[in-house]
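Spelled out, the chains give:
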Amino acid sequence: MFSTVLVANRGEIAIRVVRACRELGMRTVAVYSTADRESAVVRLADEAVHIGPAQSRRSYLAIPALIEAARRTGAQAIHPGYGFLSEDPDFAEVCEDNGITFIGPPAAVMQRLGDKSAARALMEQAGLPVLPGSTGAVATPAEAREIAERIGYPLILKAVAGGGGRGMAVVRQPDALVRAFNETRAHARAVFGDERLYMERFVDRARHVEVQVIADRHGRVVHLGERDCSVQRRHQKMVEEAPAPNLPPERREEMCAAAVRGAEAVGYVGAGTFEFVLSPGHEFHLMEINCRLQVEHPVTEMVTGIDIVREQILIAAGQPLSIRQEDVVRRGVAIECRVNAEDPDREFIPAPGLLTEFIPPGGPFVRVDTHAFPGWRVGPDYDSLLAKTVVWAPDREQALARMDRALGEFRVTGEGVRTTLGFLRRTLAHPDFRSATHTTGLIGTMSAEKVTRHQSIRAAKE
């Protein structure tokens with residue numbers, strides 16, 4: 001077992017990992033950039049190490065600084081959280097070379113699955129359904145046109161090294177393909193340092209449903225059920241729910257079995273997520289595999305009672321899974337809403353500033369994962385996530401009522417600060433969401449409805 005764990009991340013996920021380590025009796029080391037000097041995790045951890053300036057590439061993405069911090073503090077393991085270096089096989093390999101345990105999949109597994117087009121081919125060999133698309137990276141616009149003729153429109157371009165909802169573009173007409181290809185490739189090069197793209201058929205009116213798996217180093221893989229993550233803006237999730245509503249039981253079983261089969265096929269270790277696109281007819285196809293802890297892991301924890309971060313740490317220490325598949329019993333419904341410092345009325349642009357008031361909700365079966373507090377300055381350097389509000393209830397109707405109450409209690413104010421709180425309440429009240437008939441296009445539908453209302457009001461005044 002580890003005596004000291006370094007947390008190579010920031011924000012609410014860093015606090016989440018520190019708490020799990022503390023419950024396991026482990027000492028924790030936080031790292032922080034200059035911008036995060038006064039952050040909550042710096043005060044919560046047993047020790048904190050400054051690793052660089054605000055720019056991520058010179059702090060949270062600076063592998064030498066992280067390794068040096070671990071060696072200096074005697075950390076035997078590093079937990080990467082999510083984002084930053086959490087899916088970087090080079091980081092995992094450097095940890096291994098320095099005798100430090102990387103709390104996540106082995107570097108070789110991440111290397112195989114980190115290339116999205118290669119992972120797609122591997123999973124197809126394992127018998128998982130994948131959408132029609134390219135068999136590898138697409139080299140030129142001309143090749144993209146040839147593939148598009150074969151798979152048809154609409155289609156989606158994706159960065160091979162992508163993640164977090166970035167590096168994607170939906171193309172609906174042939175005359176838009178070349179421009180989209182060049183723009184997406186340039187974006188992928190700038191964000192991921194890898195311009196390669198692959199293509200696959202895009203499913204309209206689809207749902208985004210993912211399956212959580214956990215695997216130990218002894219060959220055991222279990223799934224913890226599925227989550228619906230269909231409420232998205234710019235391919236980034238805003239609301240997640242477990243179990244996925246309005247999903248036939250036989251389809252749920254097939255998806256979960258497919259995820260376990262895929263994990264076994266590549267010798268997966270740790271916590272991972274198999275993300276599927278679900279058609280209106282409930283046909284499912286694999287989109288990608290995330291080799292890390294997901295932002296939305298709390299909804300699965302709430303319905304299963306299983307601490308996923310704890311399991312991650314114990315697996316990395318070489319212990320077998322503490323659960324068997326028959327031990328996983330899901331009860332009730334959990335919903336998570338991501339509260340971001342963004343302005344929904346201005347295309348969700350970040351709205352940073354000094355928090356003068358920050359009062360999260362409470363009450364029965366309400367969980368708030370956050371790093372914010374009054375006096376904390378939300379800066380422009382990192383993701384705009386302020387808090388994850390998670391509720392549990394025996395059924396979906398009660399869960400929705402509880403979430404609306406919790407979001408209504410939340411108080412966040414500060415000069416220049418705007419949040420998604422009101423938008424989230426409107427989303428959960430939308431008829432499509434209430435009836436569980438919503439798709440990944442819900443936010444687009446809401447935007448169109450808003451425009452129509454404004455036009456009607458303007459016409460009435462005229």
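Look above for the structure.
These remarks concern the structure in this document.

Definitions and cut-offs
Residues numbered from 1 in each chain as written. Predicted model: local features only at pLDDT ≥ 70, side-chain atom pairs only at ≥ 80, totals over all residues. Heavy atoms only, no water. Helix = DSSP H or I, 4+ residues; strand = E, 2+ residues; numbered from the N terminus. Buried < 20%, exposed > 50% of the residue type's maximum accessible area, 1.4 Å probe, protein only. Areas by Shrake-Rupley, 256 points an atom, 1.4 Å probe, with all protein chains shown as cover. Lys, Arg positive; Asp, Glu negative; His and termini not counted. Charge placed at Lys NZ, Arg CZ, Asp CG, Glu CD. Salt bridge = Lys/Arg side-chain N within 4 Å of Asp/Glu carboxyl O. Core = buried A, V, L, I, M, F, W, Y, C linked by side-chain atoms within 4.5 Å. Contact = heavy atoms within 4.5 Å. Pairing = 2+ DSSP bridges. Axes fitted to C-alpha atoms, helices over the stretch in contact; angles between N-to-C directions. Parallel < 35°, antiparallel > 145°, perpendicular 65-115°, else oblique. Left-handed = near helix turned anticlockwise from the far one by under 90°. Nonpolar A, V, L, I, M, F, W, Y, C, P; charged D, E, K, R; others polar. Arc of directions from axis to C-beta. Phe/Tyr/Trp six-rings, centres within 6.5 Å; stacked < 30°, edge-to-face > 60°. Lys NZ or Arg CZ within 6 Å of the ring centre and 35° of its normal.

1. What about the overall build of the protein?
- Helix and strand counts for the protein stand at 15 helices and 22 strands.
- Reported as C-alpha extents along the three principal axes, the dimensions of the protein are approximately 65 × 50 × 45 Å.
- The buried share of the protein, reckoned over its 462 residues, is 58%.
- Put simply, the protein shows about 19,100 Å² of open surface, and 49% of that area lies on carbon and sulfur atoms.
- Mean positive and mean negative side-chain charge positions of the protein (57 and 60 charges, respectively) differ by 3 Å.

2. Regarding the pattern of salt bridges
- If you walk through the whole model with that rule in mind, you get 33 salt bridges.
- Put simply, Arg16 and Glu301 hold a salt bridge, and the shortest N to O gap is 2.6 Å. In this pair, Arg16 is assigned in helix α1 (residues 11-23) and Glu301 in helix α10 (residues 297-304), connecting sequence segments 285 residues apart. Side by side, Arg16 and Glu301 carry an identical accessibility label, which is buried.
- Residue Asp369 pairs with Arg367 through a salt bridge whose shortest N-O separation is 3.0 Å.

3. A few points about the nonpolar core
- Leu224, Met238, Val239, Ile313, Ile335, Leu355 and Val412 are the most contacted members of the largest nonpolar core, which has 73 residues in total.
- Among the elements that make up this core, the one with the highest residue count is α1 (7 residues).
- When neighbours within four sequence positions are excluded, Met238 is seen to be in contact with Val231, Gln232, Arg233, Glu336, Cys337, Arg338, Phe348, Thr420, Phe423, Leu424 and Ile443.

4. Points about the sheet that holds strand β9 (residues 207-215)
- Pairing is antiparallel in the open sheet, where 8 strands are placed in the order β13-β12-β9-β10-β11-β14-β21-β19. The sheet is open, and its two edges are formed by β13 (284-290) and β19 (366-370), each paired on a single side. Across the sheet, the axes of successive neighbouring strands diverge by a mean angle of 25°, strand direction being ignored.
- By the bridge criterion, 6 bridges tie strand β12 (residues 270-278) to β13 in an arrangement that is antiparallel. Bridge pairing in β13 places Glu275 opposite Glu288.
- Along the sheet, α1 contacts β19 and β21 (385-393); its crossing angle with β19, the most-contacted strand, is approximately 110°.
- Relative to β9, helix α11 (residues 308-316) is tilted by about 40°, and along the sheet it contacts β9, β10 (221-233) and β12.

5. Topic: the packing of helix α12 (residues 396-409) against helix α13 (residues 421-429)
- Between α12 and α13, the shortest axis-to-axis distance is 10 Å and the interhelical angle comes to 160°. As the angle between them shows, α12 and α13 are arranged roughly antiparallel. Considering the relative orientation of α12 and α13, their crossing is left-handed. Contacts from Leu400, Met403, Asp404, Leu407 and Gly408 in α12 reach Leu421, Leu424, Arg425 and Leu428 in α13.
- Split into classes, the residues belonging to the contact of α12 with α13 amount to 6 nonpolar, 1 polar and 2 charged.

6. Here's the deal with the sheet that holds strand β4 (residues 77-79)
- Read from one edge of the open sheet, 5 strands run β3-β2-β1-β4-β5, paired in parallel fashion. Each edge of the sheet is formed by a strand with only one pairing partner; in this case those strands are β3 (47-52) and β5 (101-102).
- When β4 meets β5, the two strands line up parallel, connected through 2 bridges. In the strand pairing of β5, Ile78 is matched with Phe102.
- Lying on the sheet, α1 is in contact with β1 (4-7), β2 (27-33) and β4; it crosses β1 at an angle near 175°.
- Where helix α3 (residues 63-73) meets the sheet, its contacts fall on β1, β2, β3 and β4, and the angle it forms with β3 comes to roughly 155°.

7. Remarks on unusual backbone geometry
- Of the consecutive residues Tyr153 and Pro154, the connecting peptide bond is found in the cis state with omega at -5°.
- By the element assignment, Pro154 lies in the loop between α7 (141-151) and β6 (155-163).
- With an omega of -5°, the peptide bond between Ala242 and Pro243 qualifies as cis.
- With respect to the helices and strands, Pro243 occurs in the loop between β11 (236-242) and α9 (249-265).
- Despite not being glycine, Glu347 has its phi angle at roughly 60°, a positive value.
- Residue classification places Glu347 among the exposed residues on the basis of a relative accessible area of 63%.
- Phi is positive for Phe365, close to 60°, though the residue is something other than glycine.
- Overall, Phe365 belongs to the partly exposed group, its relative accessible area being 48%.

8. Details of α13
- Residues of α13 that are buried: Leu421, Phe423, Leu424, Thr427 and Leu428. Projected down its long axis, α13 shows its buried positions confined to an angular sector of 160°, all on one face.

9. Some remarks on the pairing of strand β14 (residues 333-340)
- Counting buried residues in β14 gives 8 out of 8 residues, a clear majority hidden from the surface.
- Because side chains alternate across β14, one face comprises the buried residues Val333, Ile335, Cys337 and Val339, and the other comprises Ala334, Glu336, Arg338 and Asn340, equally buried.
- Relative to β14, β11 is paired through 4 bridges, and the arrangement is antiparallel. Directly across from Val239, in β14, lies its bridge partner Cys337.
- Two elements, β14 and β21, share 8 bridges in a ladder whose sense is antiparallel. Looking at the pairing, Arg338 lines up with Lys388 of β21.

10. A few points about the packing of aromatic side chains
- Following the criterion strictly, the structure yields 8 aromatic pairs and no others.
- Aromatic ring contacts, followed pair by pair, group Tyr60, Phe84 and Tyr382 into a single cluster.
- A cation sits over an aromatic face here: Arg43 above Phe373, 4.5 Å from the ring centre.

By themselves, these observations are geometric and do not establish any function.
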